[in-house]
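Read off the chains here:
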Amino acid sequence: MNDLKLWYDQPSSLPEETAEQHWNRALPIGNGRLGAMIYGDYPTERIQINEESIWAGPPVPVHQPYAKEALCQARELLFAGKCEEAEQLVQEKVLSPHTGPRSYQPFGDIWITDLGMDSLHLSPLTFRQTIHEYRRALDLNTAV
């Protein structure tokens, strides 16, 4: 159970796939604040980076005024056995309005090319046929 790894014997991109399929084959790494998708392609590797402050969607709503007072009232309602009233109060006065789905957006791409292989000018299909003993992996315990 301690040896949790994802192993692949081919690069992430396939000639006939869509951009979404390609992205789904990339391996995610990160620490919760800074992250990246490692594609595992060769001879040109792509690393797509994102950072926690770059989001899609509307701004995060500000805290509700008087939330502290409403929370105290909700506690009193809970102790009085009035759970539904407490929940309604928290929904209206404590929680911010739902802003809809938000997701990280790409910060940028890093492209790393093996210039020795790139100079051979092989087609993607021919190049794929020349790759032997390819391996990419993600260790889920260490994120390496």
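See the structure printed just above.
The structure presented is a predicted model; accordingly, all values stated were derived computationally and were not measured.

Caption draft 1: Structural context of the overall build of the chain. Counting secondary structure elements, the chain contains 5 helices and 6 strands. N-terminal to C-terminal, the α/β element order of the chain is β-α-β-β-β-α-α-β-α-α-β. Across the 144 residues that make up the chain, the buried fraction comes to 23%. Counted over contacts in the chain with a minimum sequence separation of 6, partners at least 24 positions apart contribute 66%. In the form shown here, the chain has an accessible surface area of approximately 10800 Å², with 58% of it arising from carbon and sulfur atoms.

Caption draft 2: The side chain of arginine 46, seen in detail. Position of arginine 46 relative to the elements: it lies in strand β4 (residues 44-51). At 3.1 Å, the side chain of arginine 46 and the side chain of aspartate 109 are in polar contact. Residues in contact with arginine 46, not counting those within four places in the same chain, are Met37, Ile38, Tyr39, Asp109, Ile110 and Trp111.

Caption draft 3: Here's a closer look at helix α2 (residues 67-79). Its 13 residues place the ends of α2 18 Å apart at the C-alpha level, agreeing with the 18 Å of an ideal helix rising 1.5 Å per residue. Regarding α2, the residues found buried are Ala67, Ala70, Ala74 and Leu77. Mapping the buried residues of α2 onto a view down its axis gives an arc of 75 degrees, with all of them on the same face. More than 90 degrees from the buried face of α2, the exposed residues found are Lys68, Glu76 and Phe79. If you follow the buried residues of α2, they end up packed against α3 (83-93). Following α2 by one or two positions, glycine 81 has its phi on the positive side, about 80 degrees.

Caption draft 4: View of the sheet that holds β4. One open sheet accounts for 4 strands, arranged β2-β3-β4-β5; its pairing is antiparallel. Edge positions in the sheet fall to β2 (27-30) and β5 (108-113), since each has one partner strand and no second. Across this sheet, the average inter-strand angle for adjacent strands is 25 degrees, counted without regard to direction. Sheet topology places β2 next to strand β3 (residues 34-38); 4 bridges connect them, and they run antiparallel. Across the sheet, proline 28 pairs through a bridge with methionine 37, a residue of β3.

Caption draft 5: How the structure looks around the pattern of salt bridges. Tallied over the full model, the rule gives 2 salt bridges. The shortest N-O distance in the salt bridge between arginine 33 and glutamate 51 comes to 3.4 Å. A residue pair is termed long-range when its members are at least 10 positions apart, and arginine 33 in the loop between β2 and β3 and glutamate 51 in strand β4 qualify at 18 residues. In this structure, aspartate 109 and arginine 46 form a salt bridge, with 3.1 Å as the shortest nitrogen-oxygen distance. Of the two residues, aspartate 109 is situated in strand β5 and arginine 46 in strand β4; the sequence distance between them amounts to 63 residues. Of the residues examined, arginine 46 reaches a relative accessible area of 18% and is grouped as buried.

Rules behind the numbers
Residues numbered from 1 in each chain as written. Predicted model: local features only at pLDDT ≥ 70, side-chain atom pairs only at ≥ 80, totals over all residues. Heavy atoms only, no water. Helix = DSSP H or I, 4+ residues; strand = E, 2+ residues; numbered from the N terminus. Buried < 20%, exposed > 50% of the residue type's maximum accessible area, 1.4 Å probe, protein only. Contact = heavy atoms within 4.5 Å. Areas by Shrake-Rupley, 256 points an atom, 1.4 Å probe, with all protein chains shown as cover. Polar contact = N/O pair within 3.5 Å; in protein donor to acceptor, adjacent residues only side chain to side chain. Expected span 1.5 Å × (residues − 1). Arc of directions from axis to C-beta. Pairing = 2+ DSSP bridges. Axes fitted to C-alpha atoms, helices over the stretch in contact; angles between N-to-C directions. Salt bridge = Lys/Arg side-chain N within 4 Å of Asp/Glu carboxyl O.

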